[in-house]
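Understanding the architecture of this molecule
Here are the chains, one letter per residue:
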Amino acid sequence: MSPANPVHNYKGIILAGGDGTRLHPLTRTVSKQLMPVYDKPLIYYPLSTLMRADIREVLVITTPRDQQAFVDLLGDGRQWGMDIQYALQPRPEGLAQAFLIGADFIGEGPVSLILGDNIFHGAGLSEKLTKACRREHGASVFAYHVPDPERYGVVDFESDGRAINIEEKPSLPKSHYAITGLYFYDREVIDIARAITPSARGELEITDLNLAYLRRGDLNVEILPRGTAWLDTGTCDSLLDAANFIRVVEKRQGQKIACPEEIAYRKGFIDEEQLLALASQQLKSGYGEYLHRLTQDHEVIVDEI
């Protein structure tokens, strides 16, 4: 186990609001972020990404309808050595609204925002997360090569690889690199978010926030390499694709992806006794058996969680 080592005291926000209309009728009564992705609820995946970045204080922003279900699932996080709090988003008014809703939670420190329906997996990801957390100033975002960039916020690069612009859903994209749903910002993000003017659709756009950092010369764009998986689970097809991807990798390797208990144990957030207690609560599903085996596996851990 590696000791917990938060860098610059980053806090994390998971934006798990919205109506999930593209998943109707599935999400008429259940939040999209509570939908299963193979063997775990969807929200486990963004939560695990923050945990891999050594972020232990997390705010989950939900709709009023769904908040109690998230509390029932995640609790206050202490079972994983975490501190999980909750806030309401009565209406979805843009991703940048998360920083206004979470202003008191963020306080004077830096913060990471991850969208509740985004899944990240791949070699080298933990290193990139740590690198982003070590930056004291500015913002860090992650770009991913996609075949259909017109659906996303697209970053334009100079010939030397320097980012020079971001366009939201352009009809003629300048590149194939989309900005993913994972962002790291310094303590100035709240003031910048407050200064943003709502877009034509009445939302505080995350692209405008990123552009504000870019114009100041304070935006770092990290390219996620080939072989990294970035999955957006906003449609029925993409939700099924994500579940199939997780199943194939887990079955092939015998290791779970986005298992909060395992990450907490490997990072030293919880000890062996606490892990075994969590395992005993879930033995019938096989999930608990996997957790129990972690304490019996004395192999040297040479890969990422």
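Here's what I pulled together on the structure shown here. From a predicted model like this one, the values you see are computed outputs, not experimental measurements.

Bringing the nonpolar core into the picture now. By size, the foremost hydrophobic cluster in this structure holds 46 residues, and its most contacted members are Trp80 and Phe184. Leave out the neighbours within four places in its chain, and Phe184 touches Tyr10, Ile55, Val111, Ser112, Leu129, Ala132, Cys133, Gly138, Ala139, Ser140 and Phe142. Membership of the second largest hydrophobic core comes to 36 residues, among which are Ala96, Phe99, Tyr213 and Val221.

The next subject is the packing of helix α10 (residues 272-280) against helix α11 (residues 287-294). Following both chains from N to C, one finds α10 and α11 inclined at 160°, their axes separated by 8 Å at the closest point. Judged on the interaxial angle alone, α11 and α10 are roughly antiparallel. Crossing handedness for the pair α10 and α11: left-handed. Facing Leu275, Leu276, Leu278 and Ala279 of α10, the residues of α11 in contact are Gly288, Leu291, His292 and Leu294. Residue classes in the contact of α10 with α11 are distributed as six nonpolar, two polar and no charged.

Further remarks concern unusual backbone geometry. Going from His24 to Pro25, the amide bond is cis rather than trans, its omega being 5°. Although it is not a glycine, Asp54 sits at a positive phi angle of roughly 65°. On the basis of relative accessibility, which here comes to 13%, the residue Asp54 falls in the buried class. Notably, Ala258 is not glycine yet its phi reads approximately 60°, a positive angle. For Ala258, the position within the fold is in the loop between α8 (236-253) and α9 (260-266). For Ala258, a relative accessible area of 14% translates into the label buried.

The next subject is the pairing of strand β10 (residues 163-168). Here strand β9 (residues 153-157) runs beside β10; their pairing, made up of five bridges, is antiparallel. Residue pairing in the sheet places Phe157 in a bridge with Ala163 of β10. Counting the residues in the hairpin turn of β9 and β10 gives five residues, including Gly161, whose phi is positive at 90°.

Further remarks concern α10. Those residues of α10 lying buried are Leu275, Leu278 and Ala279. Taken down its axis, α10 places every buried residue within 100° of arc, on the same side.

Time to look at the packing of aromatic side chains. Geometry of an aromatic ring pair is reported as the spacing of the ring centres plus the angle between the planes. All chains considered together, the criterion is met by nine aromatic pairs. With centroids separated by 6.0 Å and ring planes inclined at 70°, the aromatic side chains of Phe142 and Phe184 adopt a geometry described as edge-to-face. Here Phe142, found in strand β8 (residues 139-145), pairs with Phe184, found in strand β11 (residues 177-185); they are 42 residues apart in sequence, far enough to count as distant. When the ring centre of Phe269 is taken as origin, the NZ or CZ atom of Arg56, which lies over that ring, is 4.2 Å away. Positioned above the aromatic ring of Tyr290, the side-chain terminus of Lys256 is 5.5 Å from the ring centre.

Procedures and definitions
- Residues numbered from 1 in each chain as written.
- Predicted model: local features only at pLDDT ≥ 70, side-chain atom pairs only at ≥ 80, totals over all residues.
- Heavy atoms only, no water.
- Core = buried A, V, L, I, M, F, W, Y, C linked by side-chain atoms within 4.5 Å.
- Buried < 20%, exposed > 50% of the residue type's maximum accessible area, 1.4 Å probe, protein only.
- Contact = heavy atoms within 4.5 Å.
- Axes fitted to C-alpha atoms, helices over the stretch in contact; angles between N-to-C directions.
- Helix = DSSP H or I, 4+ residues; strand = E, 2+ residues; numbered from the N terminus.
- Parallel < 35°, antiparallel > 145°, perpendicular 65-115°, else oblique.
- Left-handed = near helix turned anticlockwise from the far one by under 90°.
- Nonpolar A, V, L, I, M, F, W, Y, C, P; charged D, E, K, R; others polar.
- Pairing = 2+ DSSP bridges.
- Arc of directions from axis to C-beta.
- Phe/Tyr/Trp six-rings, centres within 6.5 Å; stacked < 30°, edge-to-face > 60°.
- Lys NZ or Arg CZ within 6 Å of the ring centre and 35° of its normal.

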